[in-house]
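Examination of the molecular architecture
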Amino acid sequence: MARPGMRPQKAAEVFPENNDNPLKQIRLRCGLSQSELATAAGLSLNSIRGYEQGTRDINKATLETLCGLALALACTISDLITDADLLKKFIAAK
C-alpha cells in the first residue's frame, strides 16, 4: 500500500513493456490486435501474449509458428527472430 502523500505506481512502471520486441512492433505497424494476429496466424491468444511479453521465447518457436506469424504480418521470419546467433544460422541456411 502506498504511503500517505505518495502516488501508487502504475503497472507500466513496475513491469515495463519490452519495447524492442519485434513481434509487437510489426503487429502494431500492421494495425492488428493480439487477437486478430492469433486468428490470422493460427495460434492461441496466449501464445501471442507470451511472445510479446517475453514469457515465451520466439526463438524456440516451431518453424510452423514462425511461418504463420510471418505470413499474417507480411514480414520475414528473420524479422521476428531476436537471437543474433540463431539469426546468423537462419540466414546461412537460406
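Preceding block: the structure.
About the thresholds
Residues numbered from 1 in each chain as written. Predicted model: local features only at pLDDT ≥ 70, side-chain atom pairs only at ≥ 80, totals over all residues. Heavy atoms only, no water. Helix = DSSP H or I, 4+ residues; strand = E, 2+ residues; numbered from the N terminus. Buried < 20%, exposed > 50% of the residue type's maximum accessible area, 1.4 Å probe, protein only. Contact = heavy atoms within 4.5 Å. Axes fitted to C-alpha atoms, helices over the stretch in contact; angles between N-to-C directions. Left-handed = near helix turned anticlockwise from the far one by under 90°. Nonpolar A, V, L, I, M, F, W, Y, C, P; charged D, E, K, R; others polar.

1. Some remarks on the overall build of the protein chain
Scanning the protein chain from N- to C-terminus turns up seven helices and zero strands. Order of helices (α) and strands (β) in the protein chain, N terminus to C terminus: α-α-α-α-α-α-α. Split into buried and exposed, the 94 residues of the protein chain put 31% on the buried side. Restricting the contact set of the protein chain to residue pairs at least 6 apart, pairs at least 24 apart contribute 43%.

2. A look at the packing of helix α3 (residues 34-41) against helix α5 (residues 63-73)
Axis separation between α3 and α5 bottoms out at 8 Å; the angle between their running directions is 115 degrees. When the axes of α3 and α5 are compared, the crossing they make is right-handed. On α5, the residues that touch Leu37, Ala40 and Ala41 of α3 are Gly68, Leu69, Ala72 and Leu73. Here the residues of the contact of α3 with α5 are counted per class, giving six nonpolar, one polar and no charged.

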